[in-house]
Amino acid sequence: MSTTNHVAVYELLAEYGALIDAAKFDEWLDLFAEECRYQIVPRENYDRGLPAALMFCDSRAVLEDRIRALREANKYNIHTDRHIIGLPRIFDDGLAVEAPFALYQTDQEGETRLFATGLYQDQLEPGEHGLKIRDKLILLDTFAVSSLLATPL
Amino acid sequence: MSTTNHVAVYELLAEYGALIDAAKFDEWLDLFAEECRYQIVPRENYDRGLPAALMFCDSRAVLEDRIRALREANKYNIHTDRHIIGLPRIFDDGLAVEAPFALYQTDQEGETRLFATGLYQDQLEPGEHGLKIRDKLILLDTFAVSSLLATPL
Amino acid sequence: MSTTNHVAVYELLAEYGALIDAAKFDEWLDLFAEECRYQIVPRENYDRGLPAALMFCDSRAVLEDRIRALREANKYNIHTDRHIIGLPRIFDDGLAVEAPFALYQTDQEGETRLFATGLYQDQLEPGEHGLKIRDKLILLDTFAVSSLLATPL
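Since the structure is predicted, the reported quantities are computational estimates derived from the model, not experimental observations.

A. Fine view of the interface of chain B and chain A. Contacts between chain B and chain A engage 22 residues on the former and 27 residues on the latter. When chain B packs against chain A, close to 2,000 Å² is buried across both sides, 58% of that on carbon and sulfur atoms. Linking chain B to chain A there are two salt bridges. Where Asp141(B) meets Arg82(A), a salt bridge forms, and the shortest distance between an N and an O atom there is 2.8 Å. The interface formed by chain B and chain A includes ten residue pairs in polar contact (both at pLDDT 80 or more). Every element with two or more residues in the side of chain B that touches chain A is listed here: α1 (3-21), β4 (89-91), β5 (96-106) and β6 (112-127) of chain B.

B. Local environment of the relation of the copies chain B and chain A. When chain B is fitted onto chain A, the two copies agree to an RMSD of 0.0 Å after a turn of 120° and an axial shift of 0.0 Å. Seen this way, the second copy is the image of the first under a three-fold rotation axis. No C-alpha of chain B lies nearer the rotation axis than that of Gly86(B), which sits 3.3 Å from it.

C. Summary view of unusual backbone geometry. Residues other than glycine seldom take positive phi values, yet Asp92(B) does so here, at roughly 55°. Structurally, Asp92(B) can be placed in the loop between β4 and β5. In this structure, Ala23(C) takes a positive phi of about 55° despite not being glycine.

D. Fine view of helix α4 (residues 60-74) of chain C. Residue and element names in this part refer to chain C. The first and last C-alpha atoms of α4 sit 21 Å apart over 15 residues, in line with the 21 Å expected at 1.5 Å per residue. Along α4, the positions that sit buried rather than exposed are Arg 60, Leu 63, Ile 67, Leu 70 and Asn 74. Buried residues in α4, looked at end-on, bunch into an arc of 75°, giving them a common side. Looking at α4, the residues exposed on the side facing more than 90 degrees away from the buried face are Ala 61 and Arg 68. The secondary structure elements touched by the buried residues of α4 are α2 (25-29), β1 (32-42) and β2 (55-57).

E. Layout of the environment of His129(A). Residue and element names in this part refer to chain A. Here His 129 is to be found in the loop between β6 (112-127) and β7 (130-140). Overall, His 129 belongs to the exposed group, its relative accessible area being 70%. Distance from His 129 to Leu 31, taken between C-alpha atoms, is 9.9 Å for residues 98 residues apart in sequence.

F. A look at the pairing of strand β6 (residues 112-127) of chain C. All names here are of chain C. Bridging between strand β5 (residues 96-106) and β6 involves eleven bridges; their strand directions are antiparallel. Its bridge partner lying in β6, Thr 106 is registered against Thr 112. The antiparallel hairpin formed by β5 and β6 contains five residues in its connecting segment, where Gly 110 sits at a positive phi of about 85°. Summarising the sheet, β6 and strand β7 (residues 130-140) pair through ten bridges and their orientation is antiparallel. When the sheet's bridge partners are listed, Leu 124 is paired in β7 with Ile 133. Joining the antiparallel neighbours β6 and β7 is a turn of two residues.

Analysis parameters
- Residues numbered from 1 in each chain as written.
- Chains lettered and ligands numbered in written order.
- Predicted model: local features only at pLDDT ≥ 70, side-chain atom pairs only at ≥ 80, totals over all residues.
- Heavy atoms only, no water.
- Contact = heavy atoms within 4.5 Å.
- Buried area = accessible area lost by both parts, 1.4 Å probe.
- Salt bridge = Lys/Arg side-chain N within 4 Å of Asp/Glu carboxyl O.
- Polar contact = N/O pair within 3.5 Å; in protein donor to acceptor, adjacent residues only side chain to side chain.
- Helix = DSSP H or I, 4+ residues; strand = E, 2+ residues; numbered from the N terminus.
- Least-squares fit on C-alpha atoms with pLDDT ≥ 70 in both.
- Expected span 1.5 Å × (residues − 1).
- Buried < 20%, exposed > 50% of the residue type's maximum accessible area, 1.4 Å probe, protein only.
- Arc of directions from axis to C-beta.
- Pairing = 2+ DSSP bridges.

Next comes the structure, spelled out in structure tokens:
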């Protein structure tokens, strides 16, 4: 695999987290391919082959709708996010990637807490303007969270 | 942008965190250009355009002075740091970078706690001995911290 | 140093963490060279030159034995791990690397907590099937942990 591919994947992951943290959700949506899937599954369910997802969007339109709803809900749960994405593993000539993440949230009093950890499993596709996310599976370690769907993970 | 630039920027960020964690502050200062700026601003203030910085050094001499003061203060607040710097975004042909970070501190009882999270926004310049930091803006998520200026962030 | 080396080292680190997190300990063991050393040392001891290691394996056979024992013990301490490995520093033409890490554990109630932070200091060697770990020194920031040896770090 070429090194260039690696760097492009690192960039895409970094952008993914940074755009959520900056609340730039339109730009964030642009990271997804026209035909895409986005789901959040508790790791335990996934390991046991149970289908139950905490969030399941099987098209970009559904994902857009969902994000719009979250932004509305966020007016009542004001916080900021910070994603720390660790070193990723890259497969399939740069078209699949797994990356561990930790998500921190800071409340209006300025206190920061770990919100959740998990693993991104992404399928990518090359597009005219660089790599896009075709399928994002978020395996969530933490399911004892108080306010799960405050922002996308 | 060339991949080499990316790797050089990754290295600089890694070195930045590692040198603080190892308490090698002289080497850490050497990462900055002769003419440099270093500031810590609560993210909320920054987003609202408020100028108030938690720390503001507009020259390397001021930064050196400040670090010396922190080291003195640290004799009364003994702890160790650990920076985890997440995947960064690189702009401007490798001369600007944004990276999320989490800083953990461990006290003398060996207990580790999250101290703060935030985002580095760095302007770099090429020098004879590699990249140097010309302007470091640290957007701090966490401002409800008990002992903010124990070490540089 | 070539960029390719960097990427190979990033991959090895990512794989190291991911294989523990996925409880794939046989594959994890395969990351080590035939002749290898693995040790966990509290950072404070290391800084003072004290020899006491929390775990010390000076051959792969000992490491394999140790891992087998941990897996047995884990039946009574059911949890999952998540390693977040931050940007690393690479030395010696890609044959030495230092990387900060944070390890989170999630219990059966789905609650995630920081378990420990520290620094990996690895000596690598090139092999037929890529880089292998010859010597892994884990400097552990956190030693006030309740159940230290639940899984390898």
